[in-house]
Amino acid sequence: MNGGNAVAGSRQTPGLASQGYGYAPQHAVAMSQAGGHDAGGYQNQAFYAQLGGQQGLDATGGLNQMASMYAAAAGMPAGTSAGAQMAMGSGQQVMMGSDSETLYNLMIDLFSPSHREAALAELSRRRDHNPDLGVALWNAYGVMTILYQEIIIIYPLLNPPALTMAVSNRACNSLALLQLVATHEQTRMQLLKANVPQLLYPFLSTTSRNKQYDNLRLTSLGVIGALVKYDNHEVISFFVATEFLPLCLKIMDIGSELCKV
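Residues numbered from 1 in each chain as written. Predicted model: local features only at pLDDT ≥ 70, side-chain atom pairs only at ≥ 80, totals over all residues. Heavy atoms only, no water.

Re the overall build of the chain
Selection rule: Every helix listed is a DSSP run of H or I at least four residues long, and every strand listed is a run of E at least two residues long, numbered separately from the N terminus. Buried residues are those whose accessible area, probed at 1.4 Å on protein chains only, stays under 20% of the maximum for their type, while exposed residues exceed 50% and partly exposed ones sit between those limits. When checking whether two residues touch, look at their non-hydrogen atoms; a contact exists if any pair is within 4.5 Å. Per-residue and other accessible areas were derived by the Shrake-Rupley procedure at a 1.4 Å probe size, with only the shown protein chains allowed to occlude residues.
Each helix and strand in the chain was counted, giving 17 helices and 4 strands. When each of the 261 residues of the chain is scored for burial, the buried share is 51%. Sequence-distant contacts in the chain: of pairs separated by 6 or more residues, those separated by 24 or more amount to 66%. When the accessible surface of the chain is split by element, carbon and sulfur atoms take 52% of a total near 11800 Å².

Here it is in structure tokens:
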């Protein structure tokens, strides 16, 4: 995927304009399909258009407005909170725990450009204590689209090197959440079949030895490592066919000791 295309036609959002981030409505549809989701199949399809096409949208309010419609489509009781609905798939709750409501609210915050960075960091921080969070992220409508956007949007900063540590950390938080999806047995193969690992190849092919680029390489390898450690033939065949091994050889030359390991 071309990094230039990722920002073409984007509308800069006030909270992220200074960092070169933008949001284009067409990305929601394209990337949701890449993640195995059909935006046109959602009862709350209108929210996709609202996220990309309206100035000053209150994302939480927009989500709550569609809550009853989504609940009816998923077979959930009327009055189920929007946060709980986001972490439910096919009428089943996929995440339980005393802090589940906090996690739901953090996922809702991902839809707000001004809150997204903090939500990514907090979700990443909590990932080790919530093993089912990867399933919730995969099934929560629109969340995977946001994670893809966070990855793709920094392609233009890779060459020539223009990546700051703050932007690198933000992307690494998104990659850490992808690793959760790659780790869980219910979502691992779905992530692979959606060709999501190939979105990480530009990070693995960077030649800069600066720490912010090495962090991207290391976190991307963590996602791929989560997929290959189960020694599945289909997974191994995917990485051989997509020429992942030459990228590994390059990392052996320029990567940090941790990346090489």
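Examining helix 8 (residues 113-125)
Counted only if it meets this: An expected span of 1.5 Å times one less than the residue number is assigned to each helix.
With 13 residues, helix 8 should reach 18 Å at 1.5 Å per residue; the first-to-last C-alpha distance of 19 Å fits that figure. Residues of helix 8 that are buried: R116, A119, L120, L123 and S124. Residues of helix 8 that are buried sit in contact with helix 7 (100-109), helix 9 (133-139), helix 10 (143-152) and helix 11 (165-183).

Side note on the confidence of the model for the chain
To keep things clear, this is the line we draw: The predictor's confidence in any single residue is recorded as pLDDT, a number from 0 to 100.
On average, residues of the chain carry a pLDDT of 72, and 62% of them reach 70 or more. Here residues 1-98 is a poorly scored stretch, pLDDT under 50, and it has 160 contacts once near neighbours within four places are set aside; other chains count.

Notes on the pattern of salt bridges
To be explicit about the condition: Salt bridges are defined by distance alone: a side-chain nitrogen of Lys or Arg within 4 Å of a carboxyl oxygen of Asp or Glu.
For the structure shown, the criterion picks out 7 salt bridges. Across the pair R125 and E122 runs a salt bridge whose closest N-O atoms are separated by 2.5 Å. Here R125 pairs with E122, and both are found in helix 8, just 3 residues apart, close to one helical turn. A network of salt bridges, in which partner residues are shared, links R116, E117, E150 and R170.

Some points on the environment of Y104
Inspection of the secondary structure assignment puts Y104 in helix 7. For Y104 and L133, which are 29 residues apart along the polypeptide, the C-alpha to C-alpha distance reads 9.9 Å.

Thoughts on helix 14 (residues 211-228)
The end-to-end C-alpha separation of helix 14 is 25 Å, in line with the 26 Å expected for 18 residues at 1.5 Å each. Burial analysis of helix 14 places 14 of its 18 residues in the buried class, which makes it a mostly covered element.

What about the packing of aromatic side chains?
Aromatic rings considered in pairs are described by the distance between their centres and by the relative angle of their planes. To keep things clear, this is the line we draw: Each pair of aromatic rings taken from Phe, Tyr and Trp, with Trp reduced to its six-membered ring, is defined by centres within 6.5 Å and is described as stacked if the planes are under 30 degrees apart, edge-to-face if over 60, and tilted in the remaining cases.
Summed over the entire model, instances satisfying the criterion amount to 5 aromatic pairs. A ring pair is formed by F238 and F239, whose centres lie 5.2 Å apart and whose planes are at 85°; its orientation type is edge-to-face. The burial state of F238 is the same as that of F239; both residues are buried. Members of the aromatic cluster, connected to one another through ring pairs, are Y201, F238, F239 and F244.

Remarks on the nonpolar core
Rules: Definition used in this section: a nonpolar core is a set of buried Ala, Val, Leu, Ile, Met, Phe, Trp, Tyr and Cys residues joined via side-chain atoms within 4.5 Å.
Judged by nonpolar contacts, the single largest core of 59 residues is most densely connected at L178, L216 and F239. In terms of residue count, the dominant contributor to this core is helix 11 (9 residues). Residues within four places of F239 in sequence aside, it is in contact with L192, P197, Y201, I224, L227, V228 and F244.

Things to note about unusual backbone geometry
Following N159, the chain continues into P160 via a peptide bond in cis, with omega recorded as 0°. Inspection of the secondary structure puts P160 in the loop between helix 10 and helix 11.

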